[in-house]
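Each chain, written out:
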Amino acid sequence: MFSTTTTKLFSGGLLLSALALSMSWAPATQADIVFSDGFGDGDLNNDGASDSGAVVDDVADVGVPFYRARGASTTAATLVTDNGVGGIGSGLALKFEPNTSASRILSAGFDDTTLANIGESIVLSFDVRLDATVTSNAGLRFGLHNNGGTAIGADFDGNNPPRPNALVDDTGVFVQLDTGTISGNAVDFRYEPTGDVILGGIGNTFLGASTDAASTLTDTTAKNISLTVTLVDIDVLELTYAADGTEFATVRTDSGSGVASPTLTFNQFAIGNASSDLDFFIDNVQVEFVVPEPGALGLMACGVKAIHQAPGQSRTDCKRVRDEQHALGRSKRVARQRGEVIQATLT
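Now for a description of the structure that goes with this document. (Residues numbered from 1 in each chain as written. Predicted model: local features only at pLDDT ≥ 70, side-chain atom pairs only at ≥ 80, totals over all residues. Heavy atoms only, no water.)

### What to know about the overall build of the chain
Helices and strands together make up the secondary structure of the chain, namely 4 helices and 16 strands. Per-residue burial over the chain gives 52% buried out of 347 residues. Put simply, 69% of the contacts in the chain that link residues at least 6 apart link residues at least 24 apart. Accessible area of the chain: about 14,500 Å², with a carbon and sulfur share of 52%. (Helix = DSSP H or I, 4+ residues; strand = E, 2+ residues; numbered from the N terminus. Buried < 20%, exposed > 50% of the residue type's maximum accessible area, 1.4 Å probe, protein only. Contact = heavy atoms within 4.5 Å. Areas by Shrake-Rupley, 256 points an atom, 1.4 Å probe, with all protein chains shown as cover.)

Written as structure tokens, this is what we have:
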């Protein structure tokens, strides 16, 4: 479970491939939690009433409302305890049962989060476990989207035909995971334009893939998985997928056939099955907005463009920024040992 209180976090990684090539260490970043939901309040759609059978274990764990966004009349989304041996653990979890091989979707909206500056990221993470091992090509799909101004605010049966606007005007990025026995791409990345049902298999742009079976869900073991979306250049997004803390694949929206102008504002999380009756649990869903510390911004100006300085910035300026960042890092390490706090002051 997670608390819904906004906090400040610091990590040592910044997912910028150019920076990774240009230096052997990563500048610090600062993260705001946009939302976190461990379902501890026992209220999936936040209507104020505990769901049937859900035993409340944290009334403060409110999170955001979740809705069945497609085929609601046949799809079950319930809050259950899965704490036994091999379970997902940590109290209540959400169990999703599509009861069909057709695609079914669970959606949650959150505040607009815009990647306005190079180096900023939005990070989605959650725990997931299959209820039973099912072999399915791209069987589990999840992603971050912009709802196009039509937020999903209730369960509904949206399907084809007709296609409701609330599902086809969304744009964003999503990941497809093979489950069970892997025969091709274990993980692949897609960009979704308007006109296709959210998390749909038609009309989206393939961006890249990983064939490593360790990256996906081959059995009922619980994993923590994440999708990090970073603005790395003007209108260019970098997507990184990780499982249990190991990064398996990174792609960009300008790779392959490319996406000229991807959405930079996200306000919707979606997850669902595809082409199989795949039951699964999720828990501890979290979205973070990550920005570099001030000193890291100076480093990005020096490092993003093939390790050359930014226009108007001399090599001497770049060297000064790097030297100051190294000095700041050393000071922070000493301060941590002394229990002190040092605030970044680089510009």
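Picking up where we left off.
### Looking at the nonpolar core
Formed by 53 residues in total, the largest nonpolar core has its most connected members in Phe66, Leu94, Phe126, Phe142, Val229, Phe269 and Ile282. The element best represented in this core is strand β16 (residues 280-292), accounting for 6 residues. Residues within four places of leucine 94 in sequence aside, it is in contact with Phe39, Leu44, Phe66, Ala77, Thr78, Leu79, Leu106, Phe280, Phe281 and Ile282. (Core = buried A, V, L, I, M, F, W, Y, C linked by side-chain atoms within 4.5 Å.)

### Considering the side chain of lysine 223
Among the structural elements, lysine 223 can be located in strand β12 (residues 223-233). In this structure, lysine 223 is buried with no salt-bridge partner, the nearest side chain bearing the opposite charge being aspartate 244 at 5.3 Å. Among the polar contacts listed, one links the side chain of lysine 223 to the backbone oxygen of alanine 214, at a separation of 2.7 Å. Leave out the neighbours within four places in its chain, and lysine 223 touches Phe126, Asp127, Val128, Ala214, Ser215, Thr216, Leu217, Ala243 and Asp244. (Lys, Arg positive; Asp, Glu negative; His and termini not counted. Salt bridge = Lys/Arg side-chain N within 4 Å of Asp/Glu carboxyl O. Polar contact = N/O pair within 3.5 Å; in protein donor to acceptor, adjacent residues only side chain to side chain.)

### Digging into the packing of aromatic side chains
With the rule as written, the count across this model stands at 6 aromatic pairs. Here phenylalanine 39 and phenylalanine 66 contribute two aromatic rings whose centre-to-centre distance is 5.3 Å and whose plane-to-plane angle is 65°, an arrangement assigned as edge-to-face. Of this pair, phenylalanine 39 sits in the loop between β2 (29-37) and β3 (66-70) while phenylalanine 66 is found in strand β3, placing the two residues 27 residues apart along the sequence. Judged by relative accessible area, which is 1%, phenylalanine 39 ranks as buried. Here the aromatic rings of phenylalanine 96 and phenylalanine 280 are separated by 5.2 Å at their centres, their planes lie at 40°, and the arrangement is tilted. Taken together, the positions of phenylalanine 96 in strand β5 (residues 92-97) and phenylalanine 280 in strand β16 put the pair 184 residues apart, joining distant regions of the chain. (Phe/Tyr/Trp six-rings, centres within 6.5 Å; stacked < 30°, edge-to-face > 60°.)

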